[in-house]
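Read off the chains here:
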Amino acid sequence: MQLHILVGTVHGNATEVAQTLAFAAADLGFEPQVLPMDGLTTAAFAQDGLFLLCCSTTGNGDVPDNAQALYQSLDLQPQYLGTTRYGLVALGDSSYGDTFCGGAKAFDTRLQDLGAQRIGAMCEIDAMLADDAPAQALAWWAQWTAQIPQQQAAPSAA
Ligand SMILES: Cc1cc2nc3c(=O)[nH]c(=O)nc-3n(C[C@H](O)[C@H](O)[C@H](O)COP(=O)(O)O)c2cc1C
């Protein structure tokens, strides 16, 4: 099973998380591909496989600049994404209050508006916590993979 890991980042924390999860995914028999969101459009979701969005938040609850094209495309070039299944890894900082992880949450809303279905709970990685981001992501990963429907799981994860 292909796992397309789409990365929205400003300073690279989300990329580090994505790469950590890609290694974990390969260990389970997935075929992971880490892809920066730069320049992607809604068409990126017209591929077989599962999607994992790793997205940080900037500004005041905004998606990173490199994720803007994809985020806007979901609005301006909408397609029915009823067969799309995705997981969501949100990077943020709870000291920002109400806008905590706002970038990833904005993607979540827009994807679900188009019919895509999120698997499991969102992973919220809080820069305020002592654990590093990859460690927080790996703790979530074990729970997430257990929720992937059997027919979509990698052979060794089934
Ligand atoms: C200028 C700036 C604005 C930010 N705004 C928010 C915010 O509104 N909400 C939030 O949860 N985190 C916010 N953050 C925290 C980042 O999302 C967090 O540090 C994250 O780990 C950055 O990941 P990245 O390096 O992949 O971009 C902000 C960080 C910066 C530098």
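Residues numbered from 1 in each chain as written. Predicted model: local features only at pLDDT ≥ 70, side-chain atom pairs only at ≥ 80, totals over all residues.

## Considering the nonpolar core
The cut-off we apply is this: The term nonpolar core refers to a set of buried Ala, Val, Leu, Ile, Met, Phe, Trp, Tyr and Cys residues connected through C-beta atoms within 7 Å. Labels follow a simple rule on C-beta atoms placed from the backbone: if 20 or more others lie within 10 Å of a residue's own, it is buried; if 12 or fewer, it is exposed; otherwise it is partly exposed. Runs of E in the DSSP output that reach at least two residues are strands. Runs of H or I that reach at least four are helices, and both are numbered from the N terminus. Two residues qualify as being in contact provided that their C-beta atoms, derived from the backbone, are within 7 Å of each other.
Val-17, Leu-52, Leu-53, Cys-54, Cys-55 and Val-89 are the most contacted members of the largest nonpolar core, which totals 41 residues. Contributing elements (two or more residues each) for this core: strand S1 (2–8), helix H1 (13–27), strand S3 (50–55), helix H2 (68–76), strand S4 (85–92), helix H3 (102–113), strand S6 (123–126) and helix H4 (133–146). Residues in contact with Cys-55, not counting those within four places in the same chain, are Gly-8, Ala-14, Val-63, Ala-67, Ala-90, Leu-91, Gly-103, Ala-104 and Phe-107.

## Overview of the site of the ligand
Worth spelling out the cut-off: By definition, a residue lies near a molecule or strand provided its backbone-derived C-beta atom is within 6 Å of it. For this scheme, ten residues count as nonpolar: Ala, Val, Leu, Ile, Met, Phe, Trp, Tyr, Cys and Pro. Four count as charged, namely Asp, Glu, Lys and Arg, and the remainder, Gly too, count as polar.
Contacts to the ligand come from 22 residues, most closely from Thr-9, His-11, Asn-13, Ser-56 and Gly-92. For the shell around the ligand, the secondary structure elements donating two or more residues are H1 and S4. Partitioning the shell around the ligand into residue classes produces eight nonpolar, 13 polar and one charged.

## Focus: the environment of Ala-137
When you line up the elements, Ala-137 lands in helix H4. On the basis of neighbour count, Ala-137 is assigned to the buried category, with 23 C-beta atoms found within 10 Å. When the C-alpha positions of Ala-137 and Ala-43 are compared, they lie 27 Å apart, and in sequence the two are 94 residues distant. When residues no more than four places from it in sequence are discounted, the contact partners of Ala-137 are Val-17, Thr-20, Leu-21, Val-89, Cys-123 and Ile-125.

## What to know about the packing of H2 against H3
To keep things clear, this is the line we draw: Here an angle of 0 to 180 degrees is reported between the N-to-C directions of two axes, which are lines fitted to C-alpha atoms, with helices fitted over the stretch in contact. Any angle that is under 35 degrees is reported as roughly parallel, and any over 145 degrees as roughly antiparallel; angles of 65 to 115 degrees are reported as roughly perpendicular and all others as oblique. Crossing handedness is read from the near helix: turned anticlockwise from the far helix by less than a right angle, it gives a left-handed crossing, and turned clockwise, a right-handed one.
For the pair H2 and H3, the least separation of the axes is 10 Å and the interaxial angle reads 25°. With respect to their mutual orientation, H2 and H3 come out roughly parallel. Relative to H3, H2 is oriented so that their crossing is left-handed. Two secondary-structure elements touch here, H2 through Tyr-71, Leu-74 and Asp-75 and H3 through Ala-106, Phe-107, Arg-110 and Leu-111.

## Examining unusual backbone geometry
We note that Cys-101 has phi near 55°; this positive angle belongs to a residue other than glycine. With respect to the helices and strands, the residue Cys-101 is situated in the loop between S4 and H3.

## Remarks on the pairing of S1
In plain terms, the rule: At least two bridges found by DSSP between two strands is the condition for calling them paired.
By the criterion of burial, S1 is predominantly enclosed, with five of the seven residues buried. Pairing between S1 and strand S2 (residues 31–36): six bridges, direction parallel. Following the sheet pairing, Ile-5 is matched in S2 by Val-34. Judged from the six bridges that link them, S1 and S3 form a sheet pairing that is parallel. Paired with Leu-3 across the bridge in S3 is Leu-50.

## With respect to the packing of H1 against H4
Closest axis-to-axis distance for the H1/H4 pair is 9 Å, and the angle between their directions is 40°. Here H1 lies oblique to H4, going by the angle between them. For the element pair H1 and H4, the recorded crossing hand is right-handed. Residues Asn-13, Glu-16, Val-17, Thr-20, Leu-21 and Ala-24 of H1 form the contact with H4, whose own contacting residues are Ala-133, Pro-134, Ala-137, Leu-138 and Trp-141.

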